[in-house]
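If you want the building blocks of each chain, they are given just below.
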Amino acid sequence: MSKMEVKTSLLDNMIGVGDMVLIEPLSEDTFIENLKKRFDHNEIYTYIGSVVISMNPYKSLPIYTAEKVEEYRNRNFYELSPHVYALADEAYRSLREQDKDQCILITGESGAGKTEASKFVMSYVAAVCGKGQEVNKVKEQLLQSNPVLEAFGNAKTVRNDNSSRFGKYMDIEFDFKGDPLGGVISNYLLEKSRVVKQPRGERNFHIFYQLLSGASDDTLKKLKLDRDFSKYNYLSLDSATVNGLDDAASFRTVRNAMQIVGFMEDEVQSILELVAAVLKLGNIEFKPESRCNGYDESRVKDKNDLKEMCELLGIEQSVLERAFSFRTVEAKMEKMSTTLNVAQAYYARDALAKNLYSRLFSWLVNRINESIKAQTKSRKKVMGVLDIYGFEIFEDNSFEQFIINYCNEKLQQIFIELTLREEQEEYVREGIEWTNIEYFNNAIICDLIENNKNGILAMLDEECLRPGTVTDETFLDKLNTVCAEHQHFESRQSKNSKFLTDHSLPHNCFRIQHYAGKVLYRVEGFVDKNNDLLYRDLSQAMYKANHSLIKILFPEGNPAKVNLKRPPTAGFQFKASVGTLMKNLLSKNPNYIRCIKPNDKKAAHIFTDSLVCHQVRYLGLMENVRVRRAGYAFRQAYEPCLERYKMLCKQTWPHWKGPARGGVEVLLTDLQVPAEEFAYGRSKIFIRNPRTLFFLEEKRRQCLEDLATLIQKIYRGWKSRTHFLLLKKSQVVVAAWYRRFAQQKKYQNIRSSALVFQSFIRGWKARKLLRELKHKKRCEKAVSTISAYWHGTQARRELKRLKEEARRKHAVAVIWAYWLGLKVRREYRKFFRANAGKKIYDFTIQRIMQKYFLGLKKMPSMSPVDKSWPARPYGFLDGTHQELRRIFHLWRCKKYRSQFTEEKKATYEEKLAASELFKDKKALYPSSVGQPFKGDYVEMTKNPKYQKLNSFVEDKVLVADVVSKINRANGKVTPRIFLLTKKSLVLADQKTGQVKASVPLPDLSSVSVSTQNDGFFALKLKEGSTSAAKGDFLLSSDRLIEIITKLHCIGATSADRNKINIDISDEFLVQFKQDKVCVKFIQGTPKNGNGVACKRKNNRLLEVSVPSP
Ligand SMILES: Nc1ncnc2c1ncn2[C@@H]1O[C@H](COP(=O)(O)OP(=O)(O)OP(=O)(O)O)[C@@H](O)[C@H]1O
Ligand SMILES: [Mg+2]
């Protein structure tokens, strides 16, 4: 949007012309016509270049809204339709951005809208400048100073219901950012005569009416006032209430404004007391009292008002009373007291009232200044707004009007000077040739008034200071002599015969041809007003007042500071302050608002041509336009000009690359505008004739229409295309969605139909199956029921039969039993006693058995070798007792055996084998029973001597012992190590471990031992075996039983070998080499001792004597 920003112009939607410079043809009629046309359309603002003409609409227009402020904010002056905001914006921006101090000069006659315009300017600036708590406070204070000053300084006049009766110049100060810092207000000559007297149809200052209407009863009571206006002499009853003015509401506004500006409550009270005092003062009346010297002396008529006034101001009543009756004149160090007559007393009273009020007003302005003064000392930018009383012509014009009109004259002067100068400077700046233009310069009128030598003001001062009798008439005479020659001065008495017969010019008047018209001034009061005298007695009385404010207002009443010098005259003061003001204005960049009043009736919609024409004339607006158009009627910077008209030329449309000036040149050449119609300035194009501008405007309008059509065409095409594309896209989306939806629906239909089918079929199938199953089940059930019934029937039948049979059998048995019983009973009745004995016997036996078994609960020992067993209690239980003993023994043996390990078992088995072999066969046996069969007694593996032997024996050694070998030849004994393995037996040397003989067990045929208590045994070898070469072995060992048993056991366990026979006899044959030798055991004699002795008796006999047991 920002790129497309629409550039507007003053020339857009123009009613008439917005800038008078463009009027064509230029004449007073067209000028007025244009103003009227615009006024009728509520276009109250019109430009002459940068000057704003403002017509008072006398009605509120909707053109001062916040939106309007925004609209005009930061826009170029000619960009929008004319408005006072455009001027304010221009001034504010140039102040902020170019650091130029500004002044806004608002001129026009009374009621033309100056004060309103100044307020619009101020509110606009307040709205667009910076924001913030502090800044807002400053703004509020600046804005709220207006209602306060208007209440005290404005009054209803015949021309304006809110006429400013003082001149006001307000400097608004800004910092470098453009934020307001504060302000300074200067006031110019309040029309104080109004306090005591108001022309017909006019009112006193607003504050009096506002106070009486708006103050609370309480306040009024405190101020000793009455609400009734008619009770006060100083308030004219004429139009005491003004249409459209609500005094009561205004009073509240003023009070509120005072509070915002920063007035303290006690200050407000003092101010109101002073206002009330003025009203009271007006009610003081005087009566003459004849004095002996023949003169009348004035006396206060009714002292009540005087008293109340004195109470209000804290003045001693007698002092004031005296001041109204006497006057002290000091001359040459002498004090003289003269009496005052009634007229003088009234004069003194009014002078006091006027002074009181005007000093109060000045004090107010100062007090406001104190509040709104900028707090910083840094450099400030200043915007001055001048709202001075307008040029006015009344029926009866006095010193005040003279002063007011003089001031307006000066402003007109400054306007002429500055507009001209500005114009001239612009031409020089832009390098354009300048042709001088004739216009009326009012400098001559200013000179008539202010010339220090013979100006009217100087004459007046001279008169006032002149000793001797000075009256208004003498002043007029003086004027008539001094100014008679002046073109703009008219008087009956002047020598200029022209006016001698002019009856419109009374004798006590003079007339000045002001720039704005002729004004007839009545000289009466000129001298007095210029002197502005207040009797010293009065000022001293005031000074004595016990009232803070009054004391300040009358400093000259201080007796310590008596100053005999005359104070400067009012005229002098005013001239001086106007001079300062002018200087001040000249130093700033001026902006003009020229206010015009459309009618004299304060009515909307009435446009009185003659009145407007008059104002246009005296404001010099025509000259203004002419000057503006002298060289060139219209000027515009190159950039906006190019921007506005670039569409008129192909080269510049739509964009011109290069400097704007070049673009404008190309443009104008292309449009064939005659060269004399324009000139190129440095930054602006100057167009001589408005016609040229209108030609450009017309072309632009046409071109804009074409462009609009083009834009419309392209836009419509674009819009339709995008719309179509959007429609197409939407259609595709819709179609896709619809298709999807339709297919989805179709699919869902099919699916649900399939489901229905499926479920019907499944249902049908299931029902069919169910039916079948049910049928089957029912059949099965029927079968089983039938069979059950059948079986039941069968069973019942069988049962019945069996029952019948049983019953029959039972019956038979019972019958039989009964029969037998009967028979037996019959038979055995005689043996009954013997029968009883058997029963008793059985019972007794049963009891005994019971007792016997219970007695067996205590078991004998669990040891298998324990032979003890309790004795049988009864002889008849013998067999049972023995059987029980046997069973118990077997059981405990089993128990005992079950604890045995394999090893232990083997040992016991060997022991058993030994017992089987030798028990009761050999006397040596019993001694071996207690010995455990250890097997290895040599511990060969531990003895290093037997290492060789160890390696020789491969199998596990079953027996290793030292035995005695009996020499076959002599029967001598040698120790040998005897080793028995599963496969062989080995004999080795006991000392060296050397193997002496090794016999494989299969070569062994039998072993022979004696029955005696000896350890001899013979190992017999099989005949023909390799081992048998040397013959059988005869050995002896204490552990014979063990050795032989083990040897026997090897034979018993190995299946491949025959059992080794064990012969036990005291005589057996042994094969010694080729000889068979008989070994015979004999009982030894005691001489042999206990040892066994072996002796070879002969070749055939070996005798072994064994000790007798
Ligand atoms: N722009 C405006 N819109 C509406 N009413 C306006 C406008 N300007 C002026 N008026 C009306 O005209 C009246 C007089 O205007 P204003 O007080 O500004 O005149 P003035 O030029 O200051 O007169 P004076 O010289 O007597 O002070 C205002 O009270 C108001 O009613
Ligand atoms: Mg005003």
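Residues numbered from 1 in each chain as written. Chains lettered and ligands numbered in written order. Predicted model: local features only at pLDDT ≥ 70, side-chain atom pairs only at ≥ 80, totals over all residues. Heavy atoms only, no water.

1. Section: the coordination of the magnesium ion (ligand 2)
Protein coordination at the magnesium ion (ligand 2): the donors are Thr 115 (OG1) and Ser 164 (OG), at 1.8 to 2.0 Å from the metal. On the criterion of sequence distance, the pair formed by Thr 115 in helix H4 (residues 114-128) and Ser 164 in strand E5 (residues 163-164) is long-range, its members being 49 residues apart. Assigned by exposure class, Thr 115 and Ser 164 land together as buried. (Donors = N, O, S within 2.8 Å, 3.2 Å for Na, K, Ca; no water. Helix = DSSP H or I, 4+ residues; strand = E, 2+ residues; numbered from the N terminus. Buried < 20%, exposed > 50% of the residue type's maximum accessible area, 1.4 Å probe, protein only.)

2. Focus: the sheet that holds strand E14 (residues 509-514)
Spatially, three strands are ordered E13-E14-E15 in an open sheet, and the strand pairing comes out antiparallel. Edge strands, defined here as strands with exactly one partner in the open sheet, are strand E13 (489-491) and strand E15 (517-522). Across this sheet, the average inter-strand angle for adjacent strands is 25 degrees, counted without regard to direction. As paired strands, E13 and E14 are joined by three bridges and run antiparallel to one another. By the bridge assignment, Glu 490 is partnered in E14 with Arg 511. This element, helix H15 (residues 443-450), spans E13 and E14 of the sheet and lies at about 150 degrees to E14. (Pairing = 2+ DSSP bridges. Axes fitted to C-alpha atoms, helices over the stretch in contact; angles between N-to-C directions. Contact = heavy atoms within 4.5 Å.)

3. Quick notes on the side chain of Glu 409
Structurally, Glu 409 is set in helix H14 (residues 399-430). One buried charged side chain, Glu 409, makes no salt bridge at all; its nearest oppositely charged neighbour is Arg 594, positioned 9.8 Å away. Excluding residues within four positions of it along the chain, Glu 409 makes contact with Asn 442, Ile 445, Cys 446, His 514 and Tyr 515. (Lys, Arg positive; Asp, Glu negative; His and termini not counted. Salt bridge = Lys/Arg side-chain N within 4 Å of Asp/Glu carboxyl O.)

4. Thoughts on the packing of aromatic side chains
Aromatic rings in a pair are described by how distant their centres are and how their planes are angled relative to each other. For the structure shown, the criterion picks out 39 aromatic pairs. With centroids separated by 5.7 Å and ring planes inclined at 25 degrees, the aromatic side chains of Phe 489 and Phe 510 adopt a geometry described as stacked. With Phe 489 in strand E13 and Phe 510 in strand E14, this pair connects stretches of sequence that are 21 residues apart. This pair shows no difference in class: Phe 489 is buried, exactly as Phe 510 is. Over the face of the ring belonging to Tyr 543 we find Lys 551, whose NZ or CZ atom lies 4.8 Å from the ring centre. (Phe/Tyr/Trp six-rings, centres within 6.5 Å; stacked < 30°, edge-to-face > 60°. Lys NZ or Arg CZ within 6 Å of the ring centre and 35° of its normal.)

5. Points about the nonpolar core
It is characteristic of soluble globular proteins that their nonpolar side chains tend to be buried jointly. Among the nonpolar cores identified, the biggest contains 217 residues, and Phe 152, Phe 208, Leu 320 and Phe 510 are the most heavily contacted of them. The element best represented in this core is helix H13 (residues 342-372), accounting for 15 residues. Ranked by size, the runner-up nonpolar core spans 32 residues in total, among them Val 959, Leu 1001, Phe 1033 and Leu 1047. (Core = buried A, V, L, I, M, F, W, Y, C linked by side-chain atoms within 4.5 Å.)

6. Here's the deal with helix H7 (residues 206-214)
With eight of its nine residues buried, H7 lies for the most part within the structure. Along H7, the residues that are buried comprise His 206, Ile 207, Phe 208, Tyr 209, Gln 210, Leu 211, Leu 212 and Gly 214.

7. Description of the pairing of strand E29 (residues 1075-1083)
Relative to E29, strand E28 (residues 1067-1072) is paired through six bridges, and the arrangement is antiparallel. Bridged to Glu 1067 within E29 is Lys 1080. A loop of two residues connects E28 with E29, the two strands running antiparallel in sequence, and Lys 1073 in this loop sits at a positive phi of about 50 degrees. Summarising the sheet, E29 and strand E31 (residues 1101-1106) pair through six bridges and their orientation is parallel. Within E31, the residue paired with Val 1079 across the bridge is Leu 1102.

Taken by themselves, the reported measurements are silent on function.
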